[in-house]
Amino acid sequence: MTEAEECAPDDSLSRAIAGESAGFAMLVRSHQRSVYSLALRMLSDRHKAQDLAQEVFLQLHRSLAVIESHAHLSFWLRKVTVNRAIDRLRREPKYETVRLEENLNLVSDARERDPLLQRRLRELVGRLPPAPRGVMLLRFQEDLDPLEIARILDMPPNTVKSHLKRSLAILREQVTAFMGPDGTPSEPGPSFTKRDQ
Amino acid sequence: MSNNLDDELRRALRPVDPGEEFAQRVVARIARDSTVSRRHAIARYQWLPAALAASVVLGFLTTHDWRMRHEQQGLEARKELLEALRVTGAKLDLAYRVLNDEARVSANGISGA
């Protein structure tokens, strides 16, 4: 995208609503990272995440008439993605042996100061029950506040705060154990059984 | 520890890209799905002309059958009426003959005395 295009007012939404394929493609490109990452970290599987992300955008295409603004679009995408992922997780079998190193996104990022710790954190978030997992992702990936999260998940704000508090406590305990007495991280095991969610 | 953990979580959960071709695949799938939907819509209504023709034929046959029965019933009613009239006529003839015979016998009896 050229600088002029970046500075131009984003009319992708109005163009998409008008039925322009190129306008809709622009919308997809603008939001695909957020939608795909939510799906990936909810489902812990790249293929399922691609599939879910595609379905979300297909549903968006059918529902464009109800989208009122870019802010509403972001809200709608997050809501549909997380709620669909939660539904899928609840339909899955409860016990599953997961080789997380194969399933989780292990794209290394030069900005990761501690790749092992960050991989472990992603792993731990991926082991939370569906609803708290969604809360954590909306908080730390999408940077939303508890009230916004409550609206997206149709949950009372106090429940959101409770999920955040408990999930952070679990993660803190697990990370401390992971770090070990000398403060250096240890490698996670090759596989483990997913606990009852 | 809280702030560190929050920061580490934000770094760990930074959004990742699904790949350059993701948007193209979505648009291609939309185009494919709308073609399939159009074909289904056409197929869904292909039966309509045949159904309409069948309705017209059925309606004609039903009406024709009703008329035939109605006419048949009319013919039978006419037949019964004619039979009733014939029977009545026969009885009237008989009554007339009986009366005539009685009158003749009575007239012969008066003149022969």
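Being a predicted model, the structure only gives us computed values, none of them experimental.

Caption draft 1: Geometry of the overall build of chain A. Looking only at helices and strands, one finds 10 helices and 2 strands in chain A. The linear arrangement of helices and strands in chain A, starting from the amino end, is α-α-α-α-α-β-α-α-α-α-α-β. Buried positions account for 46% of the 197 residues belonging to chain A. When contacts within chain A are restricted to residue pairs at least 6 apart in sequence, long-range pairs at least 24 apart make up 68% of them. With the model as given, the accessible surface of chain A reaches about 10,300 Å², and the carbon-plus-sulfur share is 52%.

Caption draft 2: Main features of the confidence of the model for chain B. Residue and element names in this part refer to chain B. Across chain B, the average pLDDT comes to 84, with 93% of residues at or above 70. Across chain B, element-level confidence peaks in helix 1 (residues 2-12) with a mean pLDDT of 88 and bottoms out in helix 2 (residues 22-44) with 83. Across the assembled chains, the prediction reports ipTM 0.79 with pTM 0.67.

Caption draft 3: Broad picture of the pattern of salt bridges. All told, the structure shown has 15 salt bridges over all chains when counted by the stated rule. Notably, a salt bridge pairs Asp-143 of chain A with Arg-10 of chain B, separated by 3.6 Å at the nearest N-O pair. Linking Asp-143 of chain A in the loop between helix 8 (130-140) and helix 9 (146-153) with Arg-10 of chain B in helix 1, this pair reaches from one chain into another. On the basis of relative accessible area, Arg-10 of chain B is assigned to the partly exposed category, the value being 28%. For Arg-69 of chain B, the salt bridge is made with Asp-65 of chain B, and the minimal N-O distance between the two is 2.9 Å. Placement of the pair is Arg-69 of chain B and Asp-65 of chain B together in helix 3 (residues 48-112), with a separation of 4 residues, close to one helical turn. Under the relative-accessibility criterion, Arg-69 of chain B is labelled exposed at 53%. Owing to a relative accessible area of 36%, Asp-65 of chain B belongs among the partly exposed residues under this scheme. One network of salt bridges, in which partners are shared, links Asp-51, Glu-55, Arg-84 and Arg-88 of chain A.

Caption draft 4: Looking closely at the interface of chain A and chain B. Taken together, the contact pairs 38 residues of chain A with 24 residues of chain B. Here chain A meets chain B over a buried area of about 3,100 Å², counting both sides, of which 62% is carbon and sulfur. Joining chain A to chain B, the criterion identifies 1 salt bridge. In this assembly, chain A and chain B are joined by 11 residue pairs in polar contact (both at pLDDT 80 or more). For the side of chain A that touches chain B, the leading source of residues is helix 3 (residues 21-43) of chain A, giving 11 residues. Each residue belonging to the side of chain A that touches chain B can be placed in one class, and the counts come to 17 nonpolar, 10 polar and 11 charged.

Caption draft 5: Expanded view of the nonpolar core. Counting residues in hydrophobic clusters, the biggest one holds 62 residues, and the most contacted among them are Phe-24, Leu-60, Leu-153 and Leu-171 of chain A together with Leu-9 of chain B. Every residue in contact with Phe-24 of chain A, bar those within four places of it in the chain, is listed here: Ala-16, Phe-57, Leu-60, His-61 and Leu-64 of chain A together with Val-26 and Ile-30 of chain B.

Caption draft 6: Here's a closer look at the side chain of Asp-45 of chain A. Residues and elements named next belong to chain A. Its location among the elements puts Asp-45 in the loop between helix 3 and helix 4 (46-62). Among buried Asp, Glu, Lys and Arg side chains, Asp-45 stands out as unpaired, with Lys-48 the closest opposite charge at 4.6 Å. A polar atom in the side chain of Asp-45 sits 2.9 Å from the backbone nitrogen of His-47.

Caption draft 7: Region of interest: helix 7 (residues 115-126) of chain A. An ideal rise of 1.5 Å per residue puts 16 Å on 12 residues; helix 7 of chain A measures up with 16 Å between its terminal C-alpha atoms. Of the positions making up helix 7 of chain A, those classed as buried are Leu-117, Gln-118, Arg-120, Leu-121, Arg-122, Glu-123, Leu-124, Val-125 and Gly-126 of chain A.

Caption draft 8: Structural detail: unusual backbone geometry. Residue and element names in this part refer to chain A. The phi torsion at Asp-143 lies on the positive side, around 60°, for a residue other than glycine. A positive phi is found at Asp-154, a non-glycine position, where the angle reads about 55°. On the secondary structure map, Asp-154 appears in the loop between helix 9 and helix 10 (157-179). For Asp-154, a relative accessible area of 67% gives the class exposed.

Caption draft 9: Seen up close, the confidence of the model for chain A. Per-residue confidence for chain A gives a mean pLDDT of 83; residues scoring 70 or more make up 76%. A low-confidence stretch, residues 95-110 of chain A (pLDDT under 50), is modelled with 36 contacts involving residues beyond four sequence positions or located in other chains.

Caption draft 10: Structural detail: the packing of aromatic side chains. Summed over the entire model, instances satisfying the criterion amount to 1 aromatic pair over all chains. Arranged with centres 5.9 Å apart and planes meeting at 70°, the rings of Phe-57 of chain A and Phe-22 of chain B form a pair that is edge-to-face. Residue Phe-57 of chain A is located in helix 4, and its partner Phe-22 of chain B is located in helix 2; the two belong to separate chains. Neither residue differs from the other here; Phe-57 of chain A and Phe-22 of chain B are each classed as buried. For the cation-ring pair, Arg-139 of chain A lies above Phe-140 of chain A, with the distance from its terminal atom to the ring centre recorded as 5.7 Å. The lysine or arginine in question, Arg-151 of chain A, covers the ring of Phe-75 of chain A, its NZ or CZ lying 4.6 Å from the ring centre.

The rules behind the values
- Residues numbered from 1 in each chain as written.
- Chains lettered and ligands numbered in written order.
- Predicted model: local features only at pLDDT ≥ 70, side-chain atom pairs only at ≥ 80, totals over all residues.
- Heavy atoms only, no water.
- Helix = DSSP H or I, 4+ residues; strand = E, 2+ residues; numbered from the N terminus.
- Buried < 20%, exposed > 50% of the residue type's maximum accessible area, 1.4 Å probe, protein only.
- Contact = heavy atoms within 4.5 Å.
- Areas by Shrake-Rupley, 256 points an atom, 1.4 Å probe, with all protein chains shown as cover.
- pLDDT = per-residue confidence, 0-100.
- Salt bridge = Lys/Arg side-chain N within 4 Å of Asp/Glu carboxyl O.
- Buried area = accessible area lost by both parts, 1.4 Å probe.
- Polar contact = N/O pair within 3.5 Å; in protein donor to acceptor, adjacent residues only side chain to side chain.
- Nonpolar A, V, L, I, M, F, W, Y, C, P; charged D, E, K, R; others polar.
- Core = buried A, V, L, I, M, F, W, Y, C linked by side-chain atoms within 4.5 Å.
- Lys, Arg positive; Asp, Glu negative; His and termini not counted.
- Expected span 1.5 Å × (residues − 1).
- Phe/Tyr/Trp six-rings, centres within 6.5 Å; stacked < 30°, edge-to-face > 60°.
- Lys NZ or Arg CZ within 6 Å of the ring centre and 35° of its normal.

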